[in-house]
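One letter stands for each residue in the lines below.
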Amino acid sequence: MPSSSPVPDAVAARLDRFLARVRDESSDYGPDAEAFLDAAARTLDGGKRLRARFCHAGWRAVARFSDRAATETDALWDICTALEIFQSAALVHDDLIDNSDTRRGRPAAHRALEASHRAAAWSGDAEAFGRASAILLGDLLVAWSDDLLESALEGLAHARDVRSEYARMRRDVTTGQFLDIAEESAWSVNDGRLHAERALRVASLKSARYSIEQPLILGAALAGAQADQTAALRRFGHPIGMAFQLRDDVLGVFGDASVTGKPAGDDLREGKRTVLVALTRQSLDASARSLLDEMLGDPDLTAQQVSFLQATITGSGALDQVEAMIADYAREADRALSGARLDNAAVGELRELARAATVRAA
């Protein structure tokens, strides 16, 4: 991500302010609740602030055309921050669903809560406590995100448009998450020729709209975007979001654990039915395809087995196909910016963000 952006510092300051308020309002909840709130706050540390950056860029792209001075407001930074809080909620639940042990090189929230149960020498099943608590922790983060969004929108001219897009984002990503886990089971009864199409639908709902397109539109809506500006940003944001998710799929199989903060081949152990896997299956003979299906989703895959699957995917040509798709999506997005009624400096930032989102190692 571009290093000169003001977004990370602004989001950090807003988070500090918001969490101080939350702790003040919760001061009578007792020590166990205080520890729970602290666990939620820790999930907000780190990350690329991708959604906040695209929200800010969407606002910049439109703001100078509005009838107000293009000055970054408290409302803009609060909405950027609300997006990052919601992202933390999604990651907590995602790690729980995927049985992931780590996030950003640290224990995933459910594992950290499990460890706190053991450290306190509480009775009962520590693992079950960690999982149940993480569900509630994710729900709390969603509530925090809504709290911050609603306080930001109070009295604003375009509150309805922002609220509508935010609600659509929440529905889309939740449905996309369900389709993602459903595909890990449904693939076996569906025509293999449809697997890539189904995986692309998951990528669109779970990632492309949520990670790139909708944050862009939220920022633009706050600035009073007109229909042509919104359409141009959607034509840019969705293909970049698709490329972003396809890059994520590649990193989920081939990424360096020291960079990604996740074990190498994690998506293979989780049995993710991505576009990369779908294209691999299409090119294999029946015997090799059967072996691939047997190995995918085995949580105990050894490093040697992961290497074998990586070689299978590479040898099938699927990796090259996905890389070509990423490049095609990036070109489609770039064309959407040509001639669009958007701020020139913001267009340059959007292009820089697009490169950072699609050409990355983590």
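These numbers were taken from a predicted model, which means no experiment stands behind them.

Cut-offs used in this document
- The numbering scheme is per chain: residues are counted from 1 as the chain's sequence reads.
- Local features are withheld for residues below a pLDDT of 70 in this predicted model, meaning they are given only at 70 or higher, and side-chain atom pairs are given and counted only at 80 or more; totals for whole chains, interfaces and linings count all residues.
- Excluding hydrogens and water, the side-chain figures rest on all heavy atoms present in the structure.
- The salt bridge criterion pairs a side-chain nitrogen of Lys or Arg with a carboxyl oxygen of Asp or Glu, the two atoms within 4 Å.
- Numbered from the N terminus, helices here are DSSP runs of H or I no shorter than four residues, and strands are runs of E no shorter than two.
- For every residue, the accessible area obtained with a 1.4 Å probe (protein chains only) is divided by the maximum for its type, and the residue is called buried under 20%, exposed over 50%, and partly exposed between those limits.
- In what follows, a contact means two residues having at least one pair of non-hydrogen atoms within 4.5 Å.
- The distinction between a cavity and a pocket rests on a 1 Å grid over the protein atoms alone: a 1.4 Å probe fits inside a cavity but cannot get out, while a pocket stays open yet meets protein on both sides within 12 Å along at least five of seven lines, and a residue with an atom within 4 Å of a point counts as lining.
- Grid points are joined across faces, edges and corners, and a volume is the space filled by probe spheres set on the points.
- Pairs of N or O atoms within 3.5 Å make up the polar contacts considered here, provided that, within protein, one atom can donate a hydrogen while the other can accept it, and that residues adjacent in sequence are counted only when both atoms are side-chain atoms.
- Note on definitions: angles span 0 to 180 degrees between N-to-C directions of axes, and those axes are lines fitted to C-alpha atoms, for helices only across the stretch in contact.
- The cut-offs work like this: below 35 degrees is roughly parallel, past 145 is roughly antiparallel, 65 to 115 is roughly perpendicular, and the gaps in between are oblique.
- Residue type decides the class: Asp, Glu, Lys and Arg count as charged, Ala, Val, Leu, Ile, Met, Phe, Trp, Tyr, Cys and Pro as nonpolar, and the leftover types, Gly among them, as polar.
- A helix is expected to span 1.5 Å multiplied by its residue count minus one.

Visitor: How would you summarise the pattern of salt bridges if you had to cite specific residues and measurements?
Guide: All told, the structure shown has 33 salt bridges when counted by the stated rule. With a shortest N-O distance of 3.6 Å, Arg49 and Glu84 are connected by a salt bridge. Taken together, the positions of Arg49 in the loop between α2 (31-42) and α3 (50-63) and Glu84 in helix α4 (residues 74-98) put the pair 35 residues apart, joining distant regions of the chain. Given the relative accessible area of 10%, Arg49 is considered buried. Owing to a relative accessible area of 4%, Glu84 belongs among the buried residues under this scheme. Linking Arg170 and Asp146 is a salt bridge whose minimum nitrogen-to-oxygen distance equals 2.6 Å.

Visitor: So what's going on with unusual backbone geometry? Residues and values would help.
Guide: The phi dihedral of Arg104 is positive, around 55°, even though this residue is not glycine. Locating Arg104 in the fold gives a position in the loop between β1 (102-103) and β2 (106-107). At Ala121, a residue that is not glycine, the phi angle is positive and equals roughly 60°. Note on Ala121: relative accessible area 67%, which makes it exposed.

Visitor: Go over the environment of Ala152, please, and point to the residues and values.
Guide: If you trace the backbone, Ala152 turns up in helix α6 (residues 126-153). Classification of Ala152 as buried rests on a relative accessible area of 7%. Once the C-alpha coordinates of Ala152 and Arg360 are considered, the two residues, 208 residues apart in sequence, prove to be 32 Å apart. In contact with Ala152, other than residues within four places in its own chain, are Ala75, Asp78 and Ile79.

Visitor: Please give an account of empty space enclosed by the protein that cites residues and values.
Guide: Taken as a whole and assessed by the stated rule, the structure comprises 1 cavity of 30 Å³ or more. Put simply, the largest cavity is a space of about 40 Å³. Looking at the largest cavity, the residues that line it are Glu183, Trp187, His195, Ala199, Arg273, Thr274, Val277, Ala278 and Arg281. Counting only elements with at least two residues in the lining of the largest cavity, the list comes to α8 (195-222) and α12 (275-283).

Visitor: For the side chain of Gln229, give the residues involved together with the corresponding values.
Guide: Tracing the chain through its elements places Gln229 in helix α9 (residues 227-254). In this structure the side chain of Gln229 is engaged in a polar contact, spanning 3.0 Å, whose partner is the backbone oxygen of Arg341. With sequence-adjacent residues up to four places away left out, Gln229 is seen in contact with Val62, Phe65, Arg341 and Leu342.

Visitor: Now, about the packing of helix α1 (residues 7-25) against α4: what can you tell me, with residues and values included?
Guide: Look at α1 against α4: their axes get within 9 Å of each other, and the N-to-C directions meet at 80°. Taken together, the axis directions place α1 and α4 in an arrangement best described as roughly perpendicular. Of the residues in α4, those in contact with Val7, Ala10, Val11, Arg14, Leu15 and Phe18 of α1 are Asp74, Trp77, Asp78, Cys80, Thr81, Glu84 and Ile85. The class makeup of the residues in the contact of α1 with α4 is 8 nonpolar, 1 polar and 4 charged.

Visitor: Before we move on, could you go through α4 and cite the residues and values that matter?
Guide: End to end, α4 covers 36 Å across 25 residues, agreeing with the expected 36 Å (1.5 Å per residue, within 8%). A large share of α4 lies buried, amounting to 21 of its 25 residues. Following α4 by one or two positions, Asn99 has its phi on the positive side, about 55°.

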